[in-house]
Each structure stands twice: as structure tokens, then as C-alpha cells.
Amino acid sequence: LYTVQMLGRAELIDDEGAVFVATHHLEGSRPAKALPHLDRALERLERTHQPDRALRLGERAVGGEGLLEPRKRLGVQLAMVRQLESLGRREREEDILVEALAAAEAMGVPLLLARVRMHLGGLRWVSGKVEEARPLLDAALEVAEQHGDRSLEGSCVNYIANLLMA
């Protein structure tokens, strides 16, 4: 299906090809070759509603010792969280978010930390832990407003509104 030349050039591969190549390399002996295709592969699997495949791909990527730099690892973890959320796998979602929160705090990147807090606050709200959710969401909202991230701000406001109605 794909020529050897195309396997080495991410721009020549369509989205489904990116899934194939990323999966192939992450399951094989040279997982680093999957990295140029990983984001597109995860996006494709999310867009086409294939959460189990996306989770397997994400697990392989974050499970590879030293394969992903910290910021990229956090991005993959958040992609996995979105899939776990859609499947209702709350325990695994919480495990990943707690790990991601520690990593985001260590990185010191405010918007990344705010995004993780928003996801964790949302999970706590869905899990009925309202008193734990609110501080996380308030902190995330404050950072979103300071940085002008309207998408993150809207997500935080939505969760907070739901908290207030609970």
C-alpha cells in the first residue's frame, strides 16, 4: 500500500496512512520512527470515533521509555484522556490525569497546567466530587482568561456552571 519512500516522508501519507505507519513502528523495533505520524494518527482515530485504537496507540507511545519529550508526552496523555472520557473509563482517566498534573506542574507551562486542571476538575465533577472540582476549575479559568484562551475558558465556564446547578 505504501512505498518505502512514502514511509519516510510524513507529508506524503494521508491520515489513515499515518495511523498505519505510527502503529507499525510503535509495535515494532523502531518506535521513534512513529513520532512524525503520531499526532495525525491520534487525531484521525479521534475524528473517526475509534477510541480503543487511539488508546492502544497512545499507551504504546507513552509506554516507550524516553520516547516522548515531556511536553509531547503530556499531549498524548490528554488525547488519551479524551478517549477514556468518551468510554467512561474513569479510573484510568484519573490515573493519567494525576500523572499529567504532576508533569505539567514540573514543566511550569501555565496553559498546559490549566488544561490538565480543567480535565481533572471535569472528571471530579462527573464523579460527584464537587468540592474537589471547583478549585481546579477556578484555577484553570483564571489562567485561560489571563492568556486569552477562549476555548479553555469556555470549557471551564461550562463545568463551573454545571457545578453551580448541581
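The following paragraphs examine the structure supplied in this document. (Residues numbered from 1 in each chain as written. Predicted model: local features only at pLDDT ≥ 70, side-chain atom pairs only at ≥ 80, totals over all residues. Heavy atoms only, no water.)

In this section: helix H9 (residues 150-165). Compared with an ideal rise of 1.5 Å per residue, which puts 16 residues at 22 Å, H9 spans 22 Å between its outermost C-alpha atoms and is within 8% of the ideal. Burial in H9 covers these residues: Leu152, Glu153, Cys156, Tyr159, Ile160 and Leu163. For H9, the arc enclosing every buried residue in end-on projection is 135 degrees, short of the 170-degree limit, so these residues lie on one face. In H9, the exposed positions that point more than 90 degrees away from the buried face belong to Arg150, Ser151 and Met165. In this structure, the buried residues of H9 make contact with helix H5 (70-87), helix H7 (110-126) and helix H8 (130-147). For H9, the capping residue at the N-terminal end is Asp149, with a side-chain oxygen 3.3 Å from the backbone nitrogen of Ser151. (Helix = DSSP H or I, 4+ residues; strand = E, 2+ residues; numbered from the N terminus. Expected span 1.5 Å × (residues − 1). Buried < 20%, exposed > 50% of the residue type's maximum accessible area, 1.4 Å probe, protein only. Arc of directions from axis to C-beta. Contact = heavy atoms within 4.5 Å. Polar contact = N/O pair within 3.5 Å; in protein donor to acceptor, adjacent residues only side chain to side chain.)

Turning our attention to the packing of helix H4 (residues 51-63) against H5. Across the interface, H4 lies against H5 with an axial gap of 9 Å and an inter-helix angle of 150 degrees. Judged on the interaxial angle alone, H5 and H4 are roughly antiparallel. Considering only the axes of H4 and H5, their crossing is left-handed. Contact with H4, carried on its side by Pro51, Asp52, Ala54, Leu55, Gly58, Glu59, Ala61 and Val62, involves Arg73, Val76, Gln77, Met80, Gln83, Leu84, Ser86 and Leu87 of H5 and no other residues of that element. When its residues are assigned to classes, the contact of H4 with H5 shows nine nonpolar, four polar and three charged. (Axes fitted to C-alpha atoms, helices over the stretch in contact; angles between N-to-C directions. Parallel < 35°, antiparallel > 145°, perpendicular 65-115°, else oblique. Left-handed = near helix turned anticlockwise from the far one by under 90°. Nonpolar A, V, L, I, M, F, W, Y, C, P; charged D, E, K, R; others polar.)

The next subject is H8. Taking 1.5 Å as the rise per residue, H8 with 18 residues should run 26 Å; its terminal C-alpha atoms sit 26 Å apart, in good agreement. Of all the residues in H8, the buried ones are Ala133, Leu136, Leu137, Ala140, Leu141, Val143 and Ala144. Taken down its axis, H8 places every buried residue within 165 degrees of arc, on the same side. Seen from the open side of H8, the exposed residues pointing more than 90 degrees away from its buried face are Glu131 and Gln146.

Grouped together as the largest cluster of nonpolar side chains are 33 residues, with contacts concentrated most on Leu38, Leu57, Val76 and Val116. Taken together, the elements giving at least two residues each to this core come down to helix H2 (15-27), helix H3 (35-47), H4, H5, helix H6 (90-107) and H7. Tallying contributions element by element places H5 first for this core, with seven residues. Contact partners of Val116, with chain neighbours within four places excluded, come to Leu74, Leu78, Leu97, Ala100, Leu101 and Ala104. Membership of the second largest hydrophobic core comes to 13 residues, among which are Ala114, Ala144, Cys156 and Tyr159. (Core = buried A, V, L, I, M, F, W, Y, C linked by side-chain atoms within 4.5 Å.)

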